[in-house]
Every structure is written in C-alpha cells, then in structure tokens.
Amino acid sequence: MRQILALSFLALVAFFGNPALAQQGTGAPPGGGQPGVGQSEIRLGMSADFSASARALSIELYRGAMAYLIPLNKAGGVNGRRVEITAYDDKYQPDLAIQNTLRLMKDDVFALFSYVGTPTMIRTLPLLRMRQAEHFLLFFPFTGADANRIPPYDKFTFNLRASYDQETAGLVDHFVALHRTRIAVFYQADAYGRAGWAGVRKALAKHGREIAGEATYRRGSPFDQSYDPQVAIMERLQPEAVICVGTSPACAGFVRDMRDRVVDCPIATISFVGADIVLKLLSDAERNSNKDYTSQLVSSQVVPSYQEDSLPVVHEYREAMDRYRDAIMPPDSLIYPEGKTPETEYAPLPYSFVSFEGYLNAKMFVAILQRMGANPRRSELAQAAMTTGDFDLGLRQPLSFGGPTDRRQALDKVYYAVIRGGQLMPLHDGEWEAWVKR
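Residues numbered from 1 in each chain as written. Predicted model: local features only at pLDDT ≥ 70, side-chain atom pairs only at ≥ 80, totals over all residues. Heavy atoms only, no water.

J.: Explain the pairing of strand β7 (residues 213–217) residue by residue, including any values.
T.: Alternating positions in β7 separate cleanly, G213, A215 and Y217 being buried on one face and E214 and T216 remaining unburied on the opposite face. Two elements, strand β6 (residues 183–188) and β7, share 5 bridges in a ladder whose sense is parallel. Bridge pairing in β7 places V185 opposite E214. Crossover handedness for the path β6 to helix α8 (residues 191–205) to β7: right-handed. (Buried < 20%, exposed > 50% of the residue type's maximum accessible area, 1.4 Å probe, protein only. Helix = DSSP H or I, 4+ residues; strand = E, 2+ residues; numbered from the N terminus. Pairing = 2+ DSSP bridges. Right-handed = clockwise from strand over helix to strand, strands pointing away.)

J.: Hey, could you go over the sheet that holds strand β12 (residues 423–426) for me, with residue numbers and the actual values?
T.: Pairing within the open sheet is mixed, and its 7 strands lie in the order β7-β6-β8-β9-β10-β11-β12. Looking at which strands have only one partner, the edges of the open sheet turn out to be β7 and β12. Taken pair by pair, the neighbouring strands of this sheet meet at an average axis angle of 25°, ignoring direction. Across 4 bridges, the pairing between strand β10 (residues 297–301) and strand β11 (residues 415–420) is antiparallel. Bridged to S299 within β11 is A417. Of the strands in this sheet, β6, β8 (241–245), β9 (267–269), β10 and β11 touch helix α7 (residues 164–177), which is tilted by about 140° from β10. (Axes fitted to C-alpha atoms, helices over the stretch in contact; angles between N-to-C directions. Contact = heavy atoms within 4.5 Å.)

J.: Summarise unusual backbone geometry; cite the residues concerned and give the values.
T.: The omega angle of the peptide bond from P151 to P152 is 5°, so this bond is cis rather than trans. Look at Q296: it is not a glycine, yet its phi comes out positive at around 55°. Looking at the element boundaries, Q296 is found in the loop between α11 (275–289) and β10. Positive phi is not limited to glycine here, since R396 has a value of about 60°. Note on placement: R396 falls in the loop between α15 (381–386) and β11. Residue R396 is classed as exposed on the basis of its relative accessible area of 58%.

J.: An account of the sheet that holds strand β5 (residues 157–158) is requested, with residue identities and associated values reported.
T.: Read across the open sheet, the 5 strands follow the order β2-β1-β3-β4-β5; overall the sheet is parallel. Every other strand in the sheet has two partners, leaving β2 (82–89) and β5 as the edge strands with one partner each. Of the strands in this sheet, β1 (41–48), β2 and β3 (111–113) touch helix α5 (residues 94–107), which is tilted by about 145° from β2. Across the sheet, helix α14 (residues 353–370) is in contact with β1, β2, β3 and β4 (138–139); its angle to β3 comes to roughly 160°.

This is the structure in structure tokens:
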C-alpha cells in the first residue's frame, strides 16, 4: 500500500521542483476572493481519461454531470453563481493524474470532482494530504476502491457510490446461492484490478471458498486484441462463474473470446467496467459474426437502473440527457487531442449507468453547496457535507454523510442488470434462480 500511494519521482519533481506549484500554500485566490469561487462561478476540477482506454466512462460521467449543471446554471446557478467543471485528460495514467491535480490546485478550484479510476485516484490522494491546509477535497470519484475509504485518506474524500467490496460481495453471494462456487476472476493488472480481486477473495472466504483461478491483462488493452491466452486459462479452470474487474474494451473482448471458445458460464462485471459500453461493443460484434455474445451476462451497479420509471430522478435525468444531448459533450480539444477523425469520433450513449451516476454526483454536490449560503468557503465544505442530514435525490431512499460513524459514503446499495432484448434491464432478487447450477 505504501508503494501504491507514494508519489512517483516525476510527480515529486513536479511538486517540489516547480515553485509555482510547490508554494501554493495560502489558498488565497487571485483578486482576494474565496478559493474556487468567483463573482459569477464556482469551479470544480476533474481529472479523467478522455482520450484513451477508459474514455467512454469519463465522457459519459462528464455528460451526466453537465446534464444537471446546464439547466441549473440557466436557472441562476447556486446563489447567483454558475457551477462549472474544469476538466483535464489524464489518459488513465497516474503520473498525468498527479500533474492534472497539481494544475487544478494551481487553478484554485473549489473542489476536485468525479475523478475516474483507481490507479489515478490513489496516486493523487497524497497531494490532498500534503495540501490539507488549503482544504482541497475530492468529491464522488468514480471508483469503489478502499484507498480513499480508510485512514489516512478517508478524511479528504466523499463517496456517493458503494465500494468494490460491496459489489463483489453481492455477486459472490448470489452465485454461491445458485450453487456456483467455483468462481474465477478476470482482472486488470494494477491497483484497480487487485482491489476487485481482493473483494472477491474476501467474499468467497466468508463462504469457506477460494478463488478458483485468475487471468489478468495489461491496462489499456483494446477490444480488438485477442484474449485467447486468458480464455485458455478459463478453459482449463472450468469455472462456474467469472467476475470481471477491468475496463469496457478489455472485458468486452474477453467475453467475445470466451463465447467464441464456447466457455459458457455466467460472466459478471462490476460497475467500473461500464455495462452499457460493453453492451454496445458486443452488440456490434454480434451483428458482424451472427453469434450470441450477450447472454448470461450480469453487471453489478451502484446506482439504480435508468429504466426504473418509478424513481423521480430517473425522469429528471432522462429529460435532461435528451434536451441537452449536444451541449453536454466535453470540448473537442479534450476528447480529440490529436484531432477528430472517423476512427476516434465518440458516439455518445443516450442513457447509461455511468452518466446517471454523473448526474447524481452533480445533484448531490449542488445540494451541499446550497447549504453554504451566499459566500461559500472551501474551508467550510467538509463541514457542510457532514451536516447535510438525510437527503433524497429522488431515489426514494435517504442519503447522508456524517453521523455517529463519521460517514463519508452516501449509498451502500448494490443493484444488478442483465441484457434483455438488446437492452440493460434491472435484475431483481427473485430473478437470479434462472441461473442456478443444476
């Protein structure tokens, strides 16, 4: 853990060797106002992968947040100030995430917001600790890793979503209840993958079981590469279920090659994989091959399905995504750093679990801001979050921070989805029995 959380040599040089960055110690913004707050705006800072292997997750998370913020700003913002996101591309690379974070701190943003990924987030956590006198906090990162949920970094972050331990425990518990106890793991060979792998191991240990076997892949691996070596491991293992902890291109490629080799057990993905993106990749592959790549797939999610029409916030989200479809896209300069080409052009999803999470992230953050009055101070942001009390975002369940346990994670519930009729649909508790091992 110490090695994972240590700043790289490059980042240390950037931090200590650059006086413009190393001497940002007072938190005093240009013009003498409050940090991150101008006369007409409140600025949030986001570092995420907008142009490499996890770009779809980052773009959709950004789009969801902007779908909430654009109508908010049109209506006057928060106490007359727009809420804006300054986003930088880290290409899912930890060193770039560190550089982006230092840049955002130099920009004097009000808070860091919706970072994407475990390996990038955990390398930026030491910066929050080193700069704690300036009260920088990270709100709602798109990761379920434990690094920001346990000391010493828990007090610098707030989470909306459930953890990877909770997601993997739910999947393991359901599979074991179906008599599928030989569970293997396909995972990304880095801190994110190991976090999910560890969650599966802990969950299986509670049932007196061990991981049946594992296969890994290198971060950044694309959909169109061959995953036959990993599938060959699964063929030898003959698992009764596989849990995937990776990115959408790699996990979709693995599922494709598993089915091509007729390895037919259920395959589960966790939320970071991006089930909607996996569905799109596999559906396109099905049309080209006339094979079935989307059966026996289940995904764990940390927000409800955007198909759940009974939830008020689902209506809000879908209406905003429809109305602001083009306006919520990140700037071309961010997602096409080498220029836009037919090969790199990104096709946005109408709706997705990821953009819905981004929408909820923005809505929750604004709810905290609205408690801070006409002159919000970064030094008071943590206290405002910790004293929100129970708050319903339209999910028909209370969210809260603080309390007797000093709670910094608003949601604990894990949801599930399966593909039916070419769409991701909710999988409810009574519907798992169809996959029982006979």
